[in-house]
Amino acid sequence: MINLQNLKIQLFQKAEDLGADLCGIADLTTDQNWIETTYGSLCASFPRAVSVAVFFPREIIQEQAVGPTRSYSYLYGGINRQLVSITLQLSNFLQKQGYRAYPVPTSDYRQSKSFPGLQDTVAQWGPDDLEKSETELMGMFSHRFAAHKAGLGWIGKSCHLINPQVGPRLRLATVLTDAPLQADAPLPNRCGECTKCQEACPVGAIKGVPFDPADDPEKRIDKKKCYDFLEDMADVFGQHTCARCLAACPWGSKATK
Ligand code: SF4
Ligand code: SF4
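Rules used throughout
Starting afresh in each chain, residues are numbered from 1 along the sequence in its written order. Chain letters start at A and ligand numbers start at 1, both assigned in the order the entries are written. A pLDDT threshold of at least 70 governs which residues receive local features in this predicted model, and a stricter bar of 80 or more applies before side-chain atom pairs are shown or counted, although totals over entire chains, interfaces and linings include all residues. Calculated side-chain values reflect all of the structure's heavy atoms, with hydrogen atoms and water omitted. Runs of E in the DSSP output that reach at least two residues are strands. Runs of H or I that reach at least four are helices, and both are numbered from the N terminus. Only protein chains enter the calculation, and the probe is 1.4 Å; a residue is then buried if its accessible area is under 20% of its type maximum, exposed if over 50%, and partly exposed in between. Residue contacts are counted whenever heavy atoms from the two residues lie within 4.5 Å of one another. Areas reported as accessible are Shrake-Rupley estimates using a 1.4 Å probe. Residue values count occlusion only from the protein chains shown. Salt bridges are defined as contacts in which a side-chain nitrogen from Lys or Arg sits within 4 Å of a carboxyl oxygen from Asp or Glu. A pair of aromatic rings is counted whenever rings of Phe, Tyr or Trp (Trp by its six-membered ring) have centres within 6.5 Å, and the orientation is called stacked for planes under 30 degrees apart, edge-to-face for over 60 and tilted otherwise. A ring is considered to have a charge above it if a Lys NZ or an Arg CZ atom is located within 6 Å of its centre and within 35 degrees of its normal. Whether a residue is near a molecule or strand is decided by its heavy atoms; if any one of them lies within 4 Å of it, the residue is near. Here the term charged refers only to Asp, Glu, Lys and Arg, the term nonpolar to Ala, Val, Leu, Ile, Met, Phe, Trp, Tyr, Cys and Pro, and the term polar to all other amino acids, Gly among them. The span you would expect from a helix comes to 1.5 Å times its residue count less one. Here an angle of 0 to 180 degrees is reported between the N-to-C directions of two axes, which are lines fitted to C-alpha atoms, with helices fitted over the stretch in contact. Roughly parallel covers angles under 35 degrees, roughly antiparallel covers those over 145, roughly perpendicular covers 65 to 115, and oblique covers all other angles. Note on convention: the crossing is left-handed when the near helix lies turned anticlockwise from the far helix by less than a right angle, right-handed when the turn is clockwise. One requirement defines pairing of two strands: DSSP has to find at least two bridges between them.

**Some details on the overall build of the chain**
Step number 1: Helix and strand counts for the chain stand at 12 helices and six strands.
Step number 2: A burial count over the chain gives 47% of its 257 residues as buried.
Step number 3: Within the chain, contacts between residues separated by at least 24 positions form 71% of all contacts whose residues are at least 6 apart in sequence.
Step number 4: Approximately 12400 Å² of the chain is accessible, and the part contributed by carbon and sulfur atoms is 52%.

**Description of the pattern of salt bridges**
Step number 1: Across all of its chains, the model carries five salt bridges by this definition.
Step number 2: The closest approach of N and O atoms between Lys219 and Asp215, which form a salt bridge, is 3.7 Å.
Step number 3: We classify Lys219 as partly exposed; its relative accessible area is 47%.
Step number 4: With a closest N to O distance of 2.7 Å, Asp228 and Lys224 form a salt bridge. You can see Asp228 and its partner Lys224 sitting in helix α11 (residues 223–237), four residues apart, about one turn around the helix.
Step number 5: For Asp228, a relative accessible area of 32% corresponds to the partly exposed category.
Step number 6: Judged by relative accessible area, which is 46%, Lys224 ranks as partly exposed.

**Describing the packing of aromatic side chains**
Step number 1: Throughout the structure, instances matching the rule amount to eight aromatic pairs.
Step number 2: An aromatic cluster is present here, built from Trp34, Tyr39, Phe141 and Phe145 joined pairwise through their rings.
Step number 3: Against the face of Phe46 rests Arg100, its NZ or CZ located 4.1 Å from the ring centre.

**A few points about the site of ligand 1**
Step number 1: Inspection of the region around ligand 1 gives Cys201, Pro202, Val203, Ile206, Ile221, Cys226, Phe229, Cys242, Arg244 and Cys245 as its neighbouring residues.
Step number 2: Those elements giving two or more residues to the shell around ligand 1 turn out to be α11 and α12 (244–248).
Step number 3: Residues belonging to the shell around ligand 1 are distributed by class as follows: nine nonpolar, no polar and one charged.

**Concerning the site of ligand 2**
Step number 1: Near ligand 2 you find Gly156, Lys157, Ser158, Ile162, Cys191, Cys194, Lys196, Cys197, Cys249, Pro250 and Trp251, and these make up its full shell.
Step number 2: Class assignment for the residues of the shell around ligand 2 results in seven nonpolar, two polar and two charged.

**Some thoughts on the environment of Leu7**
Step number 1: In this fold, Leu7 is placed in helix α1 (residues 4–17).
Step number 2: Considering only alpha carbons, one finds Leu7 and Phe93, 86 residues apart in sequence, at a separation of 9.7 Å.
Step number 3: If we skip the residues at most four places from it in the chain, Leu7 touches Ile2, Phe93, Leu94, Gln97, Tyr99, Ala179 and Leu181.

**Remarks on helix α5 (residues 70–96)**
Step number 1: Between its first and last C-alpha, α5 extends 40 Å over 27 residues, near the 39 Å set by a 1.5 Å rise per residue.
Step number 2: Immediately beyond the C-terminal end of α5, within one or two residues, lies Gly98, with a positive phi of roughly 95°.

**A word on the packing of α1 against α5**
Working note: a packed helix pair is described by the angle between its axes plus the distance between those axes.
Step number 1: As a packed pair, α1 and α5 sit with axes 10 Å apart at the nearest point and diverge in direction by 155°. Taken together, the axis directions place α1 and α5 in an arrangement best described as roughly antiparallel. Where α1 crosses over α5, the two elements pack in a sense that is right-handed. Residues Leu7, Gln10, Leu11, Lys14 and Ala15 of α1 form the contact with α5, whose participating residues are Gln89, Leu90, Phe93 and Leu94.

**Some details on the pairing of strand β1 (residues 22–27)**
Step number 1: Most of β1 is tucked away, with five of its six residues classed as buried.
Step number 2: Judged from the six bridges that link them, β1 and strand β2 (residues 48–55) form a sheet pairing that is antiparallel. The residue bridging Asp27 from the neighbouring strand is Arg48, located in β2.

**Looking at the sheet that holds β1**
Within a sheet, neighbouring strands are paired by backbone hydrogen bonds and run either parallel or antiparallel to one another.
Step number 1: Pairing is antiparallel in the open sheet, where four strands are placed in the order β1-β2-β6-β3. The sheet is open, and its two borders are formed by β1 and β3 (101–104), each paired with just one other strand. Here the average twist between neighbouring strands, direction ignored, is 25°.
Step number 2: Along the sheet face, α1 touches β1 and β2 and points at about 140° away from the line of β1.

So, in structure tokens, the structure goes:
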């Protein structure tokens, strides 16, 4: 078996070789009560999460300021498929080293409808609750929370993960694991007085409230308003799409050499 320091180095190298732009390790041990209550016992049984990110090309996101566009919808699906491939291969790599590893399905607004059996709390819901699961937009596990804990960025007022290099112009995926990898340190919140995402939202879903892990997410975002707008966009584009709050974020909005 590879020693833990080399395991982390090899895991990160593998992630990069597979196309990940960022990779970090989250220590979940101090959050396990919250994880159990929110996501169930399976998720809470893993003390670490491997968080990976793939960047969106900036040009694609910036045109969403007046979007949505078909380019964004197309790329969104492509990046999700790439993330699934990355987390599948990282999971199998960890498994071959003798550890448990669970690739969390890539988050999108269809997740709770498409994969209702993957979370024990969701699995207890009956068919009548599928509508509820759609509007609650609940995934198996929060990729943003894992990414924040893994040092990839902070959770902004838009509720997106904000990375200092690209802002929210990325997509995330997570592998839950019991491999006791050395955890990375979370970054401080740098939203400050900015309210650009709040101003950009066409339906006023973002409330301009800084992230506090103790708060109900509804304090920061009206998910129903956002979801209803995404539904309207689905009538036009064939899938949920809107990224105005991504395009508005000043972090990573300009090229740096
Ligand atoms: S995705 Fe669109 S509708 Fe939803 S919060 Fe962002 S800007 Fe508002
Ligand atoms: S637009 Fe401003 S307030 Fe919103 S997430 Fe980005 S930095 Fe934070």
